[in-house]
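A structural walkthrough
Next come the chains, spelled out residue by residue.
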Amino acid sequence: MPNIATLMKSARFITSAPAFASLPRDEGMEIAFAGRSNAGKSSVLNRLTNRKELAKTSSTPGKTRHINLFALNETGTIRLADLPGYGYAKVDVREQRRWGDEITAYITARESLKGVVVVMDIRHPLTENDRQMLVLCRTGGRPVHVLLNKSDKLTSNRRAQTMQQVKKELAFLAPSATFSAFSALKKDGLAELQSLLNSWVTS
Ligand SMILES: Nc1nc2c(ncn2[C@@H]2O[C@H](COP(=O)(O)OP(=O)(O)OP(=O)(O)O)[C@@H](O)[C@H]2O)c(=O)[nH]1
Ligand SMILES: [Mg+2]
């Protein structure tokens, strides 16, 4: 199998599923991107695939409302999933709860799911919803990587402090989780993320 970094360049949109039940067949491998609304999930996907607008990004939180799937190979057996963001206050409670249920179903039951990248804004890491997501992944036995995005927003000192803090908290919350700093804007941390994703699909 070619390196995932190479496959990413030929990523194409497959479908936008309004619910877990409407996802395409559960075969092959999938890597999901989860996280708080506006943390930068779609921007991270665009950076990985080197495409400006493969996944729709927005300065208005709550943009991604469906599970958006992208294929990395011709047959669609290697896929990326852009999950709807959580924790956006303006989405009404019923809708938030429904999405909580859909994401729970996805994380626990999607057999092709090889790992979950939980994208966080490095300035506000490990919110209550992020913690719930980590617990959910742990329950579902999914490998997790915490991606501390928007690292360009912090000085290198503050970044190092945050990394230390996150390391401590993860030791309790999700001992097997890995983490790294990233900037979808500046490409910082790209090679590290690519190599991690590659290990998920080749393991
Ligand atoms: N400075 C900076 N801004 C970023 C970075 N990544 C994303 N952004 C900005 O953050 C905002 C939200 O990015 P999205 O990628 O749309 O976030 P999302 O997590 O997909 O949001 P939802 O789809 O609403 O859940 C946009 O204005 C992006 O331009 C980054 O690394 N650095
Ligand atoms: Mg999005």
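A brief structural summary. Model, not experiment: these values are computed from the prediction.

**Observations concerning the packing of helix H2 (residues 41-49) against helix H6 (residues 190-202)**
At a closest axis distance of 11 Å, the pairing of H2 and H6 adopts a crossing angle of 85°. The angle between the axes of H2 and H6 places the two elements in the roughly perpendicular class. Together, Val44, Arg47 and Leu48 of H2 and Leu190, Leu193, Gln194 and Leu197 of H6 make up the contact between the two elements. Residues that form the contact of H2 with H6 fall into these classes: five nonpolar, one polar and one charged.

**Notes on helix H4 (residues 128-139)**
Along its 12 residues, H4 runs 17 Å from first to last C-alpha, staying within 8% of the 16 Å computed at 1.5 Å per residue. Of the positions making up H4, those classed as buried are Asp130, Met133, Leu134, Leu136 and Cys137. The buried residues of H4 occupy an angular sector of 160° when projected down its axis, which confines them to one face. Of the exposed residues in H4, those oriented more than 90 degrees away from the buried face are Glu128, Arg138 and Thr139. The secondary structure elements touched by the buried residues of H4 are strand S2 (29-35), helix H3 (93-109), strand S5 (113-121), strand S6 (144-149) and helix H5 (156-173). Two residues or fewer after H4 comes Gly141, characterised by a positive phi angle close to 70°.

Cut-offs and rules
- Residues numbered from 1 in each chain as written.
- Chains lettered and ligands numbered in written order.
- Predicted model: local features only at pLDDT ≥ 70, side-chain atom pairs only at ≥ 80, totals over all residues.
- Heavy atoms only, no water.
- Axes fitted to C-alpha atoms, helices over the stretch in contact; angles between N-to-C directions.
- Helix = DSSP H or I, 4+ residues; strand = E, 2+ residues; numbered from the N terminus.
- Parallel < 35°, antiparallel > 145°, perpendicular 65-115°, else oblique.
- Contact = heavy atoms within 4.5 Å.
- Nonpolar A, V, L, I, M, F, W, Y, C, P; charged D, E, K, R; others polar.
- Expected span 1.5 Å × (residues − 1).
- Buried < 20%, exposed > 50% of the residue type's maximum accessible area, 1.4 Å probe, protein only.
- Arc of directions from axis to C-beta.

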